[in-house]
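Each chain is listed here by its residues.
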2 protein chains.
Amino acid sequence: MRKFIPVLLTIMLILACVEKQESSSIPVPGKKTILDGLNHPWSMAFLSPTEALITEKDGHLLKVDLETKKKSIIKGFPDDLTDSIRAVHFGDNSGIFEVLIDPNFKSTPWVYLSYAAKKPGVGSTTKVIRAQLKNDSLYAHETLIEAAPYTKEYFHYGGGMVFGPDGKLYVTIGERLFWERDEPEIPIAQDLSDKRGKIYRLNADGSIPEDSPDLGPNADPGIYALGIRAAQGIAVQPDTGNIWFSEHGTIQGDEINILNAGANYGWPNVTTGKLRSSDYTPPKLEGVTFTPPIWFWPHTVAPTGLTFYTGDEFPQWKNDLFVPGLSRGSLWRFRIENETIKSAEELFVDDRVRIRKVRQSPDGKLYFLTDEDNGKLIQIIPQ
Amino acid sequence: MRKFIPVLLTIMLILACVEKQESSSIPVPGKKTILDGLNHPWSMAFLSPTEALITEKDGHLLKVDLETKKKSIIKGFPDDLTDSIRAVHFGDNSGIFEVLIDPNFKSTPWVYLSYAAKKPGVGSTTKVIRAQLKNDSLYAHETLIEAAPYTKEYFHYGGGMVFGPDGKLYVTIGERLFWERDEPEIPIAQDLSDKRGKIYRLNADGSIPEDSPDLGPNADPGIYALGIRAAQGIAVQPDTGNIWFSEHGTIQGDEINILNAGANYGWPNVTTGKLRSSDYTPPKLEGVTFTPPIWFWPHTVAPTGLTFYTGDEFPQWKNDLFVPGLSRGSLWRFRIENETIKSAEELFVDDRVRIRKVRQSPDGKLYFLTDEDNGKLIQIIPQ
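Residues numbered from 1 in each chain as written. Chains lettered and ligands numbered in written order. Predicted model: local features only at pLDDT ≥ 70, side-chain atom pairs only at ≥ 80, totals over all residues. Heavy atoms only, no water.

## Observations concerning the overall build of chain A
Inclusion rule: The helix count covers DSSP runs of H or I at least four residues long, the strand count covers runs of E at least two residues long, and both are numbered beginning at the N terminus. The size measure is the radius of gyration over C-alpha atoms, and the globule rule it meets is 2.2 Å times the number of residues to the 0.38 power. Accessible area is worked out with a 1.4 Å probe on protein chains only. A residue is then buried under 20% of its type maximum, exposed over 50%, and partly exposed in between. Contacts are assigned to residue pairs that have any heavy atoms within 4.5 Å of one another. Here the open area of atoms and residues is found with the Shrake-Rupley method and a 1.4 Å probe, where only the protein chains shown may cover a residue. Think of it this way: Lys and Arg go in the positive column, Asp and Glu in the negative one, and His and the chain ends go nowhere. Every charge is mapped onto a representative atom, which is NZ of Lys, CZ of Arg, CG of Asp or CD of Glu.
Check the secondary structure of chain A and you find 1 helix and 24 strands. For 383 residues, the compact-globule estimate of 2.2 N^0.38 gives 21 Å, and the C-alpha radius of gyration of chain A, at 22 Å, lies within 12% of that figure. C-alpha atoms of chain A, sized along the principal axes, occupy 90 × 50 × 45 Å. Burial analysis of chain A (383 residues in total) assigns 56% to the buried set. Looking at chain A alone, contacts between residues at least 24 apart form 57% of all its contacts between residues at least 6 apart. Carbon and sulfur atoms provide 52% of the accessible area of chain A, an area that totals close to 15,700 Å². Separation between the mean location of the 42 positive side-chain charges and that of the 50 negative ones in chain A comes to 5 Å.

Here is the structure:
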């Protein structure tokens, strides 16, 4: 009898394999609210599969426990943080933005933060600092970049950050204008002596890498790319090492780009959308090459904190790009081969909500943050 | 030694199963051109997995062999077929439209055809006939519906057809106008005494089913739904038996609807888009309930010959709705639970082409027809 057992095993395994092949249709994923009561959360950084730092645009830097639901305010946030005035001014973008932890966080607990910093009576601008996190407090603050000038505009700070495969810190800084008619003679994003409307590449301590692209003698050190109106999402493509970033247009013109050293993405001289100031004509720029986007939408999405998925919980989504949208409450999934987008899927179209950021946990789970007064951390779950 | 063979088999199968689980990421499907040289093909009906009838909007009814690539013109097409004048008039929609074969084709070889029929000096309209197919010729023609009046407009004939789960023939008839300012006092699609802008439900011989919805004494017999501008795609949802149809808007307003008995889909009184005639205001209609679409796009797609996929070649697409688009060269895949669209994916965004119709073969393969002078039959293939 015993010699038949392997045979039985074999038959059982054949059946198991057949069964697996037949049931390979994939159910639509669901949503599960993990946390609520967040004040317009902007980004998050996982400290472990169940613990994370969350930035609230209109609130605090928090440490949250995804299991106990406990929220703790991290003390020692810089006191030059703007008081968000979005309650007064519609569309105010100021507040706390990105949070990253150091790739070697366990040895040196650096936390990287971008936010809108204020100078009383002068205005505000985008600022990036790092500080060490100990006992729920920030210590040993260092300013990495301060995107002077401080101005009265409170739009398009940018503030997206990511560590590249080269270990450098990439930072997006918005152009800050609402109306193109307020552009100076040389548009801000095209002016290499102006920090705004650019993407910077810095060493982790804020110093300028020696292998920075040469953009001429008048270029501000650290500028890596220019001609960018309002980029918030920036992420590394796992299988190529390319860095992708999202950009807000004005009337349409929402775009996805691949970051290249020294590239000029064209704002405001070229856009896939329309300018908001119908009376504005950008100046002719001689000898300038513009880099077109990889993708643009024919309608408004307000794409923001994107991420590439590399986990195992959704094997069918491996290496796909996820792009959340504010204006339509979208969550887009792009299937990509190298630098070519092959398909674009909008998920949860029956249950839309303003999404600011998509993040993957260390154990490969997929989460997003909703941009609401009662903001939520929501997990995407297999059905 | 021989007694170890089952053990080895078992180990090999375990490895096989593990392997299968690890490689469960799904590659992006590809395209393979099966046939070209088609003159703006509109639809197709499979006679076998490798043989099909294809209608050319600007040409003939063809029988094609997908393996030998042989094309034969089916003789005996009605001689009141309009000569397409799209070469002269941009956007002319006249020609041959849908082709279906009878559910019991093997016993009675009926072929159902819709096309733009002409009356010299008077105009054209949408006409549906059936005829028996023998030796590549049509015999025993019967007219099932003729959407009088014949008019000089050559737009929006409709012409979509499908057999419902009830065995009845559902036919879409377009409103025919280009400008809303040409609407009569009661808009065509809202006038129950006018065949245009409606969906009809007929017995296979063209007679009116006794269980037709009661739309009042003045309603033309056979009308099943109204208020429809320009529907071309119509298909049965496999898991619910619901009938879905696509509708062309004017400026945006492209929609997907679920067909309900007696329902009024609102054209031109309500639309998710804009009217083409800015100076036109539809009349107030008393005591009318409009049925909203299940889906609309915020941009123009020109959705047309849709289909639900039920095959096994793409198990992850089982029961999904595929909607081709003319204007952006789109192919959309909708994931649906009953009457709720859960996600919307645009496929092949890196290789756009005007697509008129998506069809599934009897052996579960997925094909589409491109709306081009050199029109193609293209198969979607797993990579």
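Okay, back to it.
## Details of the packing of aromatic side chains
Rule in force here: Two aromatic rings, drawn from Phe, Tyr or Trp (for Trp, its six-membered ring), form a pair once their centres lie within 6.5 Å of each other, and the interplanar angle then sorts them: stacked below 30 degrees, edge-to-face above 60, tilted otherwise. Remark: a charge is flagged as sitting over a ring if the NZ atom of Lys or the CZ atom of Arg is within 6 Å of the ring centre and within 35 degrees of the ring normal.
All chains considered together, the criterion is met by 40 aromatic pairs over all chains. Aromatic side chains Tyr 309 of chain A and Phe 322 of chain A sit 6.5 Å apart centroid to centroid with 75 degrees between the ring planes, which places their arrangement in the edge-to-face category. Here Tyr 309 of chain A is found in the loop between strand 18 (307-308) and strand 19 (321-324), whereas its partner Phe 322 of chain A is found in strand 19, with 13 residues between them in sequence. The residues Tyr 309 of chain A and Phe 322 of chain A share a single accessibility class, namely buried. Ring geometry for Phe 314 of chain A against Trp 317 of chain A: centres 4.6 Å apart, planes inclined by 25 degrees, an arrangement best described as stacked. The class for Trp 317 of chain A is buried, based on a relative accessible area of 3%. Ring-pair connections join several aromatic residues into one group, and the members of that group are Tyr 154, Phe 155, Phe 178 and Trp 179 of chain A. The positively charged end of Arg 130 of chain B is found above the aromatic ring belonging to Trp 110 of chain B, 3.8 Å away from the centroid. Over the ring of Phe 178 of chain B we find Arg 276 of chain B, and its NZ or CZ is 3.9 Å from the ring centre.

## A word on empty space enclosed by the protein
Note the following rule: As defined here, a cavity is a set of points on a 1 Å grid over the protein atoms alone where a 1.4 Å probe fits but cannot get out. A pocket is an open set with protein on both sides within 12 Å along at least five of seven lines, and residues line them when an atom is within 4 Å of a point. Grid points are joined across faces, edges and corners, and a volume is the space filled by probe spheres set on the points. Note that Gly is not counted as nonpolar here; it falls among the polar residues with everything else outside the nonpolar set of Ala, Val, Leu, Ile, Met, Phe, Trp, Tyr, Cys and Pro and the charged set of Asp, Glu, Lys and Arg.
Applying the stated criterion to the full structure yields 6 cavities of 30 Å³ or more. Around the largest cavity, the lining is made up of 13 residues, and of these Ile 26, Gln 316 and Arg 333 of chain A together with Gln 316 and Arg 333 of chain B lie nearest the centre. Among the secondary structure elements, those contributing two or more residues to the lining of the largest cavity are strand 20 (331-337) and strand 21 (340-347) of chain A together with strand 20 (331-337) of chain B. Considering only residue class, the lining of the largest cavity consists of 5 nonpolar, 2 polar and 6 charged.

## A closer look at the sheet that holds strand 8 (residues 123-134) of chain B
Residue and element names in this part refer to chain B. Rule in force here: Only strands joined by at least two bridges in the DSSP assignment are considered to pair. Helix axes are fitted to C-alpha atoms over the stretch in contact, other axes to C-alpha atoms as well, and angles between N-to-C directions run from 0 to 180 degrees.
Spatially, 4 strands are ordered 6-7-8-9 in an open sheet, and the strand pairing comes out antiparallel. In the strand order of this sheet, the two ends are held by strand 6 (96-101) and strand 9 (137-146), each with one partner. Strand-to-strand twist across the sheet, computed as the mean angle between neighbouring axes with direction ignored, equals 30 degrees. Where strand 7 (residues 110-119) lies against strand 8, 10 bridges are found, and the strand directions are antiparallel.

## As for the confidence of the model for chain A
All names here are of chain A. This is how the line gets drawn: pLDDT expresses how confident the predictor is about each individual residue, on a scale running from 0 to 100.
Averaged over every residue, the pLDDT of chain A is 92; residues scoring 70 or more account for 91%. Confidence over residues 13-24 falls short of pLDDT 50; this stretch has 11 contacts with residues more than four positions distant or in other chains. Overall fold confidence (pTM) sits at 0.91, and the ipTM for the predicted complex is 0.90.

## Thoughts on the sheet that holds strand 24 (residues 375-381) of chain B
Residues and elements named next belong to chain B. Read from one edge to the other, the open sheet built from 4 strands follows the order 1-24-23-22, with strand pairing classed as antiparallel. Looking at strand neighbours, the two that pair on one side only are strand 1 (30-38) and strand 22 (355-360), the edges of this open sheet. Ignoring which end each strand starts from, the neighbouring axes of this sheet average 20 degrees apart. Pairing analysis gives 5 bridges linking strand 22 to strand 23 (residues 366-370), with the strands arranged antiparallel. Directly across from Val 358, in strand 23, lies its bridge partner Phe 368.

## Some remarks on the pairing of strand 9 of chain B
All names here are of chain B. Where strand 8 meets strand 9, 7 bridges bridge the pair, whose relative direction is antiparallel. Residue pairing for strand 9: Ile 129 is matched across the bridge by Thr 143. Counting the residues between successive antiparallel strands, the hairpin from strand 8 to strand 9 contains 2 residues, one of them, Asn 135, with a positive phi of roughly 50 degrees.

## Description of the side chain of Glu 247 of chain A
Residue and element names in this part refer to chain A. Applicable threshold: As used in this structure description, the phrase polar contact means that two N or O atoms lie within 3.5 Å; if the pair is within protein, one of them must be able to donate a hydrogen and the other to accept it, and residues adjacent in sequence are counted only when both atoms belong to side chains.
The topology assignment puts Glu 247 in strand 15 (residues 243-247). At 2.6 Å, the side chain of Glu 247 and the backbone nitrogen of Arg 229 are in polar contact. A polar contact is formed between the side chain of Glu 247 and the side chain of Asn 257, at a distance of 3.4 Å. The contacts of Glu 247, once residues within four sequence positions are left out, are Gly 227, Ile 228, Arg 229, Ala 230, Ala 231, Gly 253, Asp 254, Glu 255, Asn 257, Trp 267 and Pro 303.

## Things to note about the pairing of strand 21 of chain A
Extensive coverage of strand 21 of chain A is indicated by the burial of 7 of its 8 residues. Sheet topology note: the strand 20 of chain A/strand 21 of chain A ladder contains 7 bridges and is antiparallel. If you follow Trp 332 of chain A over to strand 21 of chain A, its bridge partner there is Glu 346 of chain A. Hairpin connection from strand 20 of chain A to strand 21 of chain A: 2 residues lie between these consecutive antiparallel strands, with Asn 338 of chain A at a positive phi of about 55 degrees. Here strand 21 of chain A pairs with strand 21 (residues 340-347) of chain B via 5 bridges, running antiparallel. Paired with Ser 343 of chain A across the bridge in strand 21 of chain B is Leu 347 of chain B.

## Some details on the pattern of salt bridges
What counts, and what does not: Any carboxyl oxygen of Asp or Glu within 4 Å of a side-chain nitrogen of Lys or Arg constitutes a salt bridge here.
Inspection of every chain in the model, using the stated rule, returns 48 salt bridges over all chains. The partner of Glu 142 of chain A in a salt bridge is Arg 130 of chain A, and the shortest N-O contact between them spans 2.9 Å. Of this pair, Glu 142 of chain A sits in strand 9 (residues 137-146) while Arg 130 of chain A sits in strand 8 (residues 123-134), placing them 12 residues apart in sequence. According to the relative accessible area criterion, Glu 142 of chain A is partly exposed, its value standing at 29%. The exposure class assigned to Arg 130 of chain A is buried, which follows from its relative accessible area of 9%. Residues joined by salt bridges that share partners form a network here, namely Asp 320, Arg 333 and Glu 345 of chain A together with Asp 320, Arg 333 and Glu 345 of chain B.

## Remarks on the side chain of Thr 125 of chain A
All names here are of chain A. Among the structural elements, Thr 125 can be located in strand 8. Here Ala 147 takes part through its backbone oxygen, which lies 2.4 Å from a polar atom of the side chain of Thr 125. If we ignore the near neighbours within four places in the chain, the residues touching Thr 125 are Tyr 115, Ala 116, Ala 117, Glu 146, Ala 147, Ala 148, Pro 149, Tyr 150, Tyr 157 and Arg 176.

## Looking at the environment of His 141 of chain A
All names here are of chain A. Its place among the elements puts His 141 in strand 9. With a relative accessible area of 39%, His 141 lands in the partly exposed category. For His 141, the contacting residues outside a window of four places in its chain are Gly 76, Pro 78, Ile 129, Arg 130 and Ala 131. Here the side chain of His 141 touches Gly 76 through a polar contact of 2.6 Å, landing on its backbone oxygen.

## Re unusual backbone geometry
All names here are of chain A. Here Ala 148 and Pro 149 are connected by a cis peptide whose omega angle stands at 10 degrees. Structurally, the position occupied by Pro 149 is in the loop between strand 9 and strand 10 (158-163). Here the residue pair Trp 267 and Pro 268 is connected by a cis peptide bond, since its omega of -5 degrees sits within 30 degrees of zero. Looking at where Pro 268 falls in the secondary structure, it is placed in the loop between strand 16 (255-258) and strand 17 (295-296).

## Quick word on the environment of Lys 119 of chain A
All names here are of chain A. Mapped onto the secondary structure, Lys 119 falls in strand 7 (residues 110-119). Spatially, the C-alpha atom of Lys 119 lies 9.1 Å from that of Thr 151, the residues being 32 residues apart in sequence. Setting aside residues no more than four positions away along its own chain, Lys 119 makes contact with Glu 146 and Tyr 150.

## Regarding the environment of Asp 211 of chain B
One can find Asp 211 of chain B in the loop between strand 12 (198-202) and strand 13 (223-226). At 3.0 Å, the side chain of Asp 211 of chain B and the side chain of Arg 201 of chain B are in polar contact.

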